[in-house]
Amino acid sequence: MFVLPSVWEGQPLILQEALRAGAPIVAARVGGTPVLTGEDAALLVPAGDAPRLAEAVRAVLTDEVLAARLRKAAAARGRALPSEDAAVAAALAEYKLVSGTR
C-alpha cells in the first residue's frame, strides 16, 4: 500500500511510481493527485482529515477485494503514463517552443 497524506501536491513523481508499481493507493485529494489517479485507482480523502485517512487505510488493509481492485486500476493508470523518453521529449519540445528555437 502507498499512502500520500499531502496538504498540497502538483504532479507527484512518487505517486506516479506507486501507480506504475500497481500499489493500492490512499491519498489526499489535493493538486494533481486526482488527475493522476482518477477516481478508480486510489481512495481519495480530504486533505488534513486524519480520521478519514485512517479509515481508508484500514479499509485497504482489511478488504482484499478492494485492495485487488485498487492494485489493478493503479497498474492500468501506471501503464498509461508517459514513458521517461516521452516525458523528456515533451519537455524539450515545450522548451524549444517557449525559447523560440527549433
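Give a detailed account of the overall build of the protein, specifying residues and quantitative values.
Scanning the protein for helices and strands turns up 5 helices and 3 strands. Dimensions along the principal axes, computed over C-alpha positions, put the protein at roughly 55 × 25 × 15 Å. In the protein, of all internal contacts separated by at least 6 residues, the share reaching a separation of at least 24 is 48%. Accessible surface, the protein: about 6300 Å² in total, of which carbon and sulfur atoms supply 60%.

Can you lay out the pairing of strand β2 (residues 25-28) for me, pointing to particular residues and giving the numbers?
Regular strands have side chains that alternate between both faces of the sheet. Residues Ile25 and Ala27 line one face of β2 and the alternating positions Val26 and Ala28 line the opposite face, and both faces are buried. Pairing of β2 with strand β3 (residues 43-45) involves 3 bridges; the strand directions are parallel. If you follow Ala28 over to β3, its bridge partner there is Val45.

Please give an account of the nonpolar core that cites residues and values.
Within the largest apolar cluster, 15 residues are counted, with the highest numbers of intra-cluster contacts made by Phe2, Leu15, Leu19 and Ile25. No other element matches the 3 residues that helix α1 (residues 13-21) contributes to this core. Apart from the residues within four sequence positions on either side, Ile25 is in contact with Phe2, Leu15, Ala18, Leu19, Ala41, Ala42, Leu43, Leu70 and Ala74. Counting 8 residues, the second-largest nonpolar core is a separate cluster that includes Val45, Val60, Leu66 and Ala67.

Basis of the calculations
- The residue numbering used here restarts from 1 in each chain and proceeds along that chain's sequence as written.
- Only residues with pLDDT of 70 or above have their local features reported here, since the model is predicted, and side-chain atom pairs are shown and tallied only from 80 upward, although totals for entire chains, interfaces and linings are computed over all residues.
- Neither water nor hydrogens contribute to the side-chain values; these are computed over all heavy atoms in the structure.
- A run of DSSP states H or I qualifies as a helix once it reaches four residues; a run of E qualifies as a strand once it reaches two. Both are numbered from the N-terminal end.
- Working rule for contacts: check all heavy atoms of both residues, and any pair within 4.5 Å makes them a contact.
- Only the protein chains shown count as cover for residues, with accessible areas throughout obtained via the Shrake-Rupley method and a probe of 1.4 Å.
- Whether a residue is buried, partly exposed or exposed follows from its accessible area with a 1.4 Å probe, protein chains only, as a fraction of its type maximum: under 20%, in between, or over 50%, in that order.
- Two strands qualify as a pair provided DSSP detects at least 2 bridges between them.
- We define a nonpolar core as any set of buried Ala, Val, Leu, Ile, Met, Phe, Trp, Tyr and Cys residues linked to one another through side-chain atoms lying within 4.5 Å.

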